[in-house]
Amino acid sequence: FKYFDIFVMASEKEGFPVSLLEAASLSIPSICTQNDIFTNIFNKDEVSFFDRENIESLNEAVIRLTKDRINYAKNIHNRFIKDYTSKVMAMNYMKLYNSLM
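Below, the structure is looked at part by part. Nothing here was measured: the structure is a model prediction, and the numbers come from that model.

## Let's talk about the environment of Ala10
No. 1: You can see Ala10 is positioned in the loop between strand E1 (7–9) and helix H1 (18–25).
No. 2: Linking Ala10 and Thr85, residues 75 residues apart in sequence, is a C-alpha distance of 23 Å.
No. 3: Ignoring any residue separated from it by four or fewer positions in sequence, one finds Ala10 in contact with Thr33, Phe50 and Arg52.

The structure is reproduced here in structure tokens:
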């Protein structure tokens, strides 16, 4: 990751995208396929989305990200810190577990 200028997650289908979270933890601006998994985890200010079936959409996502690379890097990292660190995730699982007891 230390050599990445951007990270691209071009999956058609994905479970929980750990590699995307790793990129977010390192403030690497990211481009993702626009699908339910990715759009539920990050928003358009944190990740530049593209339509996997449209190459021009990918080109637009790259341009959008490179024009505002610093903000994308800051926004994805801030979201990671807020919602996806191991401590936050563990606390959320504990709350869910306690609510079911």
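Having seen the model, we can carry on.
## What about the packing of aromatic side chains?
Note on aromatic pairs: each is described by the distance of the centres and the angle between the planes.
No. 1: Per the stated rule, a full pass over the model turns up 5 aromatic pairs.
No. 2: Here Phe1 and Phe7 contribute two aromatic rings whose centre-to-centre distance is 5.8 Å and whose plane-to-plane angle is 50 degrees, an arrangement assigned as tilted.
No. 3: With relative accessibility at 9%, the residue Phe7 sits in the buried group.
No. 4: An aromatic cluster is present here, built from Phe1, Phe4 and Phe7 joined pairwise through their rings.

## A few points about the packing of H1 against helix H4 (residues 69–83)
No. 1: The interhelical angle for the contact between H1 and H4, taken along N-to-C directions, is 110 degrees, at an axis separation of 8 Å. Relative to H4, the element H1 lies roughly perpendicular. Facing H1, whose interface residues are Leu20, Leu21, Ala24 and Ser25, H4 presents Ile76, His77 and Phe80.
No. 2: Along the lines of polarity and charge, the residues of the contact of H1 with H4 split into 5 nonpolar, 2 polar and no charged.

What counts, and at which threshold
Residues numbered from 1 in each chain as written. Predicted model: local features only at pLDDT ≥ 70, side-chain atom pairs only at ≥ 80, totals over all residues. Heavy atoms only, no water. Helix = DSSP H or I, 4+ residues; strand = E, 2+ residues; numbered from the N terminus. Contact = heavy atoms within 4.5 Å. Phe/Tyr/Trp six-rings, centres within 6.5 Å; stacked < 30°, edge-to-face > 60°. Buried < 20%, exposed > 50% of the residue type's maximum accessible area, 1.4 Å probe, protein only. Axes fitted to C-alpha atoms, helices over the stretch in contact; angles between N-to-C directions. Parallel < 35°, antiparallel > 145°, perpendicular 65-115°, else oblique. Nonpolar A, V, L, I, M, F, W, Y, C, P; charged D, E, K, R; others polar.

Worth remembering: the numbers are spatial, not functional.
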